[in-house]
Amino acid sequence: MRARIEAASGRVGRDPRSVRLVAVTKGRSTAEVRALIAAGHRTLGENRVQDWRHVAAELADTTLSWHLVGHLQRNKVRQCRPFELIHSLDSERLALALEAEGAKHDHVFRTLLQVNLSGEETKHGVPAEAAAPLLARLSALEHVTVEGLMTMAPYDDDPNRARERARPVFRDARALAETLGLRELSMGMSGDFEAAVEEGATLVRIGAALFEGTTLSAEERP
Ligand SMILES: *Cc1c(COP(=O)(O)O)cnc(C)c1O
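Thresholds applied
Residues numbered from 1 in each chain as written. Predicted model: local features only at pLDDT ≥ 70, side-chain atom pairs only at ≥ 80, totals over all residues. Heavy atoms only, no water. Buried < 20%, exposed > 50% of the residue type's maximum accessible area, 1.4 Å probe, protein only. Helix = DSSP H or I, 4+ residues; strand = E, 2+ residues; numbered from the N terminus. Arc of directions from axis to C-beta. Contact = heavy atoms within 4.5 Å. Near = heavy atom within 4 Å. Polar contact = N/O pair within 3.5 Å; in protein donor to acceptor, adjacent residues only side chain to side chain. Nonpolar A, V, L, I, M, F, W, Y, C, P; charged D, E, K, R; others polar. Core = buried A, V, L, I, M, F, W, Y, C linked by side-chain atoms within 4.5 Å. Phe/Tyr/Trp six-rings, centres within 6.5 Å; stacked < 30°, edge-to-face > 60°. Lys NZ or Arg CZ within 6 Å of the ring centre and 35° of its normal. pLDDT = per-residue confidence, 0-100. Pairing = 2+ DSSP bridges. Right-handed = clockwise from strand over helix to strand, strands pointing away.

Participant: Explain helix α3 (residues 49–58) to me, please; I cannot follow it from the model alone.
Facilitator: Since one α-helical turn is 3.6 residues long, residues separated by three or four positions face the same way. Residues of α3 that are buried: V49, W52, V55 and A56. Each buried residue of α3 lies within a common arc of 125° when the element is viewed along its axis, so the set occupies one face. For α3, exposure combined with an orientation more than 90 degrees from the buried face picks out H54 and A57. As for α3, its buried residues are in contact with α2 (30–38), β2 (43–46) and β3 (65–68).

Participant: Honestly, the site of the ligand in this entry has me stumped. Any pointers?
Facilitator: In the vicinity of the ligand, the contacting residues are V24, K26, N47, V69, M152, M189, S190, R205, I206, G207 and A208. Residue S190 places a side-chain N or O atom 2.5 Å away from an oxygen atom belonging to the ligand. Measuring from an oxygen atom of the ligand, one finds a backbone N or O atom of G207 at 2.8 Å. Looking at the shell around the ligand residue by residue, the class counts come to six nonpolar, three polar and two charged.

Participant: Explain the nonpolar core here, please?
Facilitator: Grouped together as the largest cluster of nonpolar side chains are 60 residues, with contacts concentrated most on W66, L72, L98, L113 and V204. Residue contributions to this core peak at six residues, all from helix α6 (residues 159–180). Those residues in contact with W66 that sit more than four places away from it in its chain are T25, L44, G45, E46, W52, V55, A56, L59, P82, F83, E84 and L85. One finds V69, L85, L112 and M150 within the second-largest nonpolar core, a separate group that totals six residues.

Participant: Explain the environment of V115 here, please?
Facilitator: Inspection of the secondary structure assignment puts V115 in the loop between β5 (109–114) and α5 (128–138). Along the primary structure V115 and L176 are separated by 61 residues, whereas in three dimensions their C-alpha atoms are 9.6 Å apart. Sequence-distant contacts of V115, that is, excluding residues within four places in its chain, are made with G125, V126, A131, L149, M150, T151 and L176.

Participant: What should I look at first to understand the packing of aromatic side chains in this one?
Facilitator: The geometry of an aromatic ring pair comes down to the distance between the two centres and the angle between the two planes. One pass over the structure, following the stated rule, counts two aromatic pairs. Note on W52 and W66: the rings are 6.4 Å apart at their centroids and 75° apart in plane angle, and the pair reads as edge-to-face. Taken together, the residues span a long stretch of sequence, with W52 in helix α3 and W66 in strand β3 at a distance of 14 residues. The two residues W52 and W66 agree in class, both being buried. Ring centres of W52 and F83 lie 4.5 Å apart, and the angle between their planes is 45°; on these two criteria the pair is classed as tilted. With W52 in helix α3 and F83 in the loop between β3 and β4 (85–89), this pair connects stretches of sequence that are 31 residues apart. Of the aromatic side chains, those joined through ring pairs into one cluster are W52, W66 and F83. In this arrangement the basic side chain of R28 is found over the ring face of F211, its NZ or CZ atom lying 3.7 Å from the centre.

Participant: Is there a simple way to think about the confidence of the model for the protein in this case?
Facilitator: Close inspection of predicted coordinates is inappropriate for parts of the model with low pLDDT. Per-residue confidence for the protein gives a mean pLDDT of 93; residues scoring 70 or more make up 95%. Every residue in residues 215–222 is under pLDDT 50, and counting partners more than four places away or in other chains gives five contacts.

Participant: Where do I start with the environment of Q73 in this structure?
Facilitator: Within the secondary structure, Q73 is located in the loop between β3 and β4. The sequence separation of Q73 and L94 amounts to 21 residues, and the corresponding C-alpha distance is 7.4 Å.

Participant: Could you clarify how one ought to interpret the pairing of β3 in this entry?
Facilitator: Within a regular beta strand, the side chains point alternately toward one face of the sheet and then the other, so they alternate between its two faces. Here β3 shows no split at all, with S65 and H67 on one side and W66 and L68 on the other all buried. Pairing of β2 with β3 involves four bridges; the strand directions are parallel. Across the sheet, residue T43 finds its bridge partner in β3, namely S65. In this region the chain leaves β2, passes through α3 and returns to the parallel neighbour β3; the handedness of that crossover is right-handed. Two strands pair when backbone bridges link them, and β3 and β4 are joined in this way by two bridges, in the parallel orientation. Note that in β4 the partner of L68 across the bridge is I86.

Listed below in structure tokens is the structure:
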């Protein structure tokens, strides 16, 4: 996966070290997560706070950087201080809940603003035109920082078409981040991370592709 990131960076003259791989552990057993750690991964992503708590508790002996990549409900903010970065800030109400929690503990939550650039109603995130006014309001918060944008490409069950549809969304995300003066860009998953790197991703969130060929399907299990 790192070789593929390096190759994609090279194609557009980027330093591959400017791209951080977030290994997404969603739905994986502790043994599988341990295998990721053994392979050298220290930046791990979970998409549900509840699932993360179980895995993190079992891996408390290892120093890890956990990122929250999935939708966050306001009633879960109390559990989120251990996350180095929350990729999924998607409303002012959530930001205010994080601000209140951060103020209580003298903690600053580092976040990315999730933007919905594909227009799909099933996706979380604020529309592009809402990003600037929201950021302006959030800039007053003392316990929440917004360091970049996160976005998801539109879903398509055809992998080739999915890649084609992803690229313009990534390009829009990059342009929006530049307009807003934001540094970090979390975009790209297993099926489209190379396009994301070519279009400027600084964080790629990869789950399935890390495990391809390493997990046994139901038929293969003894
Ligand atoms: C699951 C997930 C990923 C990783 O997706 P893969 O297709 O398994 O690489 C990335 N981001 C979010 C928000 C996810 O929920």
